[in-house]
Amino acid sequence: MYAFEYQRPKSVADAVAALAKSGGKALAGGQSLVGAMKLRLANPGTIVDLSGIAELRGIKKEGDAIVIGALTTHAEVASSSVVKQSIPALAAVAEGIGDRQVRNRGTLGGSIANNDPAADYPAAVLALGATVHTNKRKIIADDFFKGMYETALAADEIITAVSFPVPKKAAYMKFPQPASRFALVGVFVAQTGGGTRVAVTGAAPHVHRASTIEAALSKSFTADAAKAVKIPADHLNNDIHGSAAYRAHLVSVMASRAVAAAG
Amino acid sequence: MSVSLSLTVNDEAVNAQVDARTLLVDFIRNNLALTGTHVGCDTGQCGACTVLVDGNAVKACTILAVQANGSKITTIEGLAKNGELHPMQAAFKDCHGLQCGFCTPGMVLSAIDLVQRHPDADEATIRAELEGNLCRCTGYQNIVKAIAQGAAAMRG
Ligand SMILES: Cc1cc2nc3c(=O)[nH]c(=O)nc-3n(C[C@H](O)[C@H](O)[C@H](O)COP(=O)(O)OP(=O)(O)OC[C@H]3O[C@@H](n4cnc5c(N)ncnc54)[C@H](O)[C@@H]3O)c2cc1C
Ligand code: FES
Ligand code: FES
């Protein structure tokens, strides 16, 4: 790991100022960033540790939405009675991430800022039509995920919270890559105020909505309807863990299982 | 850049000056000479480096020492009290829950985190909760048995 300057601000405003001044990187739990720095894939000159900012933590119900602070860990989301009651599928997503040690440190904000092509939370954020709150604006999920490891965030912008509207029904099904536990393919299906939304992770260079499955489920919200949709394999990931054709097949299968689980 | 650390390790106050890029596991092993915390993979996969940070199991190779500043750390060396093994250590010994022993410190600390949250964990829960700890020797059977026995002993 290369050397860096270290700062631990106490407020969002101070953290944003530190990022703007230094051109450095925010640090949440370190569950992706520290690994990347060890491999020298990331080489920030300054680390701005967000862990001292109390306002970034916590889970609350606000009207018809659950608002989760960016620094809230996967373990906290998984065990939250508020989340389990209102959006059990979201608690299940958090519980299915990596392993216990990773869930004890990894955070919601870090996961979606990182936007790993096989990460679980991006699928939940996109399918639930969540809104990402930052220090300066609110970004709807459809505008947030831009590409592989790429988001709408500016370099000196910090996610403060994510607001998840409570869906009518929702479920997430992941076919985990057995060594990393990341999604070989994961599909989050939700019936929301804005219609049926289906988000796919792991299959392509970044999380995306499966519009053909959404159309089929809008007509008939059944496992069979999802399974009948043929997903083209072009542009899907093709690697030692699974061919593009295999992943294409898994998308419909995982979608149908998610519909069955959503009930 | 050098940073000052002030934390509690196995109930003792520790103050130190370290390079900010020092990993928690390297701080524990090199600065504190507590070599019971192992490095198996150094990539966050195997769990051999697991320690408790404020009671929660964490892979010490995947956080910086400075991220644990102000925290209470427990390593395998901190479990035995007055020369008596912790009930979870005793259960691993009793059930032959180890062969080479390389994974064992991490297994024991993960087991303690697990029992805190699931005092009555059944076999399926134990196996699911051990996702982050790899063992290349035992085939896990006796580890699972040891954790069930250790959990019962911890319930008292
Ligand atoms: C062994 C292992 C297994 C894993 N398995 C899975 C899995 O199955 N599924 C899955 O989805 N993930 C998995 N992960 C990744 C894990 O979920 C991480 O928690 C997540 O990627 C982000 O880590 P973090 O919150 O610690 O953020 P960090 O690693 O600290 O930061 C990640 C990135 O986000 C940026 N960032 C962090 N917080 C903010 C913020 N508030 N605002 C703006 N930018 C921010 C950082 O600058 C950095 O670029 C795994 C990780 C490990 C080590
Ligand atoms: S050495 Fe830390 S997880 Fe393997
Ligand atoms: S006992 Fe050898 S790795 Fe587990």
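Residues numbered from 1 in each chain as written. Chains lettered and ligands numbered in written order. Predicted model: local features only at pLDDT ≥ 70, side-chain atom pairs only at ≥ 80, totals over all residues. Heavy atoms only, no water.

*Asks:* It is not clear to me how the overall build of chain B should be interpreted in this structure. Could you clarify?
*Replies:* Within chain B, the secondary structure is distributed over 5 helices and 5 strands. Secondary structure elements of chain B, listed N to C terminal, follow the sequence β-β-α-β-β-β-α-α-α-α. Scaling as 2.2 N^0.38, a compact globule of 156 residues should have a C-alpha radius of gyration of about 15 Å, and chain B matches this with 15 Å. When burial is assessed residue by residue, chain B has 53% of its 156 residues classed as buried. Of the contacts made within chain B by residues no fewer than 6 positions apart, 57% connect residues no fewer than 24 positions apart. On chain B, roughly 6,900 Å² of surface is accessible, and the fraction owed to carbon and sulfur atoms is 48%. Computed over 11 positive and 15 negative side-chain charges, the separation of the two mean positions in chain B equals 4 Å. (Helix = DSSP H or I, 4+ residues; strand = E, 2+ residues; numbered from the N terminus. Rg over C-alpha atoms; globule rule 2.2 N^0.38 Å. Buried < 20%, exposed > 50% of the residue type's maximum accessible area, 1.4 Å probe, protein only. Contact = heavy atoms within 4.5 Å. Areas by Shrake-Rupley, 256 points an atom, 1.4 Å probe, with all protein chains shown as cover. Lys, Arg positive; Asp, Glu negative; His and termini not counted. Charge placed at Lys NZ, Arg CZ, Asp CG, Glu CD.)

*Asks:* Can you walk me through the confidence of the model for chain B in this structure?
*Replies:* Low pLDDT means the predicted coordinates in that region are not meant to be read closely. Residues of chain B with pLDDT of at least 70 account for 100%, and the chain-wide mean is 97. Predicted complex, confidence summary: ipTM 0.96, pTM 0.97. (pLDDT = per-residue confidence, 0-100.)

*Asks:* Would you take a moment to explain the pairing of strand β4 (residues 56–59) of chain B for this structure?
*Replies:* Note on strand geometry: in a regular strand, side chains alternate between the two faces of the sheet. Sheet topology note: the strand β3 (residues 50–53) of chain B/β4(B) ladder contains 4 bridges and is antiparallel. Bridged to Val51(B) within β4(B) is Val58(B). (Pairing = 2+ DSSP bridges.)

*Asks:* What should I look at first to understand the domain arrangement of chain B in this one?
*Replies:* Bring the parts together and some accessible area is lost; that lost area is often taken as the interface size. Residues and elements named next belong to chain B. Domain parsing of chain B yields domain 1 (2–76) and domain 2 (87–155). Taking only C-alpha atoms into account, the centre of domain 1 sits 21 Å from that of domain 2. Each partner contributes to the interface: domain 1 provides 18 residues, whereas domain 2 provides 14 residues. Buried surface at the junction of domain 1 and domain 2, both sides included, amounts to about 1,200 Å², of which 61% is carbon and sulfur. Where domain 1 touches domain 2, the interface holds 0 salt bridges. For the side of domain 1 that touches domain 2, the secondary structure elements donating two or more residues are β3 and β4. Grouping the amino acids of the side of domain 1 that touches domain 2 by side-chain chemistry returns 7 nonpolar, 10 polar and 1 charged. (Domains from an automatic or database assignment. Buried area = accessible area lost by both parts, 1.4 Å probe. Salt bridge = Lys/Arg side-chain N within 4 Å of Asp/Glu carboxyl O. Nonpolar A, V, L, I, M, F, W, Y, C, P; charged D, E, K, R; others polar.)

*Asks:* What exactly am I supposed to notice about the side chain of Thr160(A) here?
*Replies:* On the secondary structure map, Thr160(A) appears in strand β10 (residues 159–165). On the accessibility criterion, Thr160(A) (17% relative accessible area) is buried.

*Asks:* Where do I start with the site of ligand 1 in this structure?
*Replies:* Around ligand 1 there are 34 residues in total, and Ala26(A), Ser32(A), Leu33(A), Thr107(A) and Arg181(A) lie nearest to it. Lying at an intersection of chains, ligand 1 is approached by residues of chains A and B. Between ligand 1 and the protein, one listed contact pairs an oxygen atom with a backbone N or O atom of Ala28(A) at 2.8 Å. For ligand 1, an oxygen atom lies 3.3 Å from a polar atom in the backbone of Phe182(A). Residue assignment for the shell around ligand 1 shows that the elements contributing at least two residues are β2 (25–27) and α7 (108–114) of chain A. Ranked by residue count, the leading element in the shell around ligand 1 is α7(A), at 5 residues. Tallied by class, residues from the shell around ligand 1 come to 14 nonpolar, 14 polar and 6 charged. When we break the shell around ligand 1 down by domain, the ones giving at least three residues each are domain 1 (52–165) and domain 2 (169–262) of chain A. (Near = heavy atom within 4 Å. Polar contact = N/O pair within 3.5 Å; in protein donor to acceptor, adjacent residues only side chain to side chain.)

*Asks:* So what exactly am I meant to see when it comes to the domain arrangement of chain A here?
*Replies:* Residues and elements named next belong to chain A. In terms of domains, chain A is made up of domain 1 (52–165) and domain 2 (169–262). On a C-alpha basis, the centres of domain 1 and domain 2 stand 20 Å from each other. Between domain 1 and domain 2, a total of about 1,800 Å² is buried, with carbon and sulfur atoms accounting for 62% of that surface. Together, Pro-117, Leu-126 and Ala-127 form the three largest contributors to the area buried by domain 1 at its contact with domain 2, with a combined 26%. The interface formed by domain 1 and domain 2 contains 4 salt bridges. Our count for the domain 1 to domain 2 interface comes out at 12 residue pairs in polar contact (both at pLDDT 80 or more).

*Asks:* Would you explain the packing of helix α3 (residues 104–117) of chain B against helix α5 (residues 141–155) of chain B in this entry?
*Replies:* Helix packing geometry: the angle between the two helix axes and the distance between the axes. Residue and element names in this part refer to chain B. Interaxial distance between α3 and α5 falls to 10 Å at its minimum, and their mutual angle equals 50 degrees. The angle between α3 and α5 falls in the class oblique. In the crossing of α3 with α5, the sense of the turn from one axis to the other is right-handed. Of α5, the residues touching α3 (which contributes Met-107, Ala-111, Ile-112, Leu-114 and Val-115) are Ile-143, Ile-147, Ala-151 and Met-154. Across the contact of α3 with α5, the residue classes tally to 9 nonpolar, no polar and no charged. (Axes fitted to C-alpha atoms, helices over the stretch in contact; angles between N-to-C directions. Parallel < 35°, antiparallel > 145°, perpendicular 65-115°, else oblique. Left-handed = near helix turned anticlockwise from the far one by under 90°.)

*Asks:* Before we go on, may I ask you to explain the nonpolar core in this structure?
*Replies:* General note: in soluble globular proteins, nonpolar side chains tend to be found buried as a group. Counting 40 residues, the largest nonpolar core has Leu90(A), Ile112(A), Tyr121(A), Val125(A), Phe164(A) and Phe188(A) as its most contacted members. No other element matches helix α8 (residues 121–127) of chain A, which puts 6 residues into this core. Both of domain 1 (52–165) and domain 2 (169–262) of chain A provide at least three residues apiece to this core. When near neighbours in sequence (up to four residues on either side) are disregarded, Leu90(A) contacts Ile68(A), Val77(A), Val83(A), Tyr121(A), Ala124(A), Leu128(A) and Phe164(A). By size, the runner-up hydrophobic cluster in this structure holds 35 residues, among which are Leu27(A), Leu23(B), Val25(B) and Val66(B). (Core = buried A, V, L, I, M, F, W, Y, C linked by side-chain atoms within 4.5 Å.)

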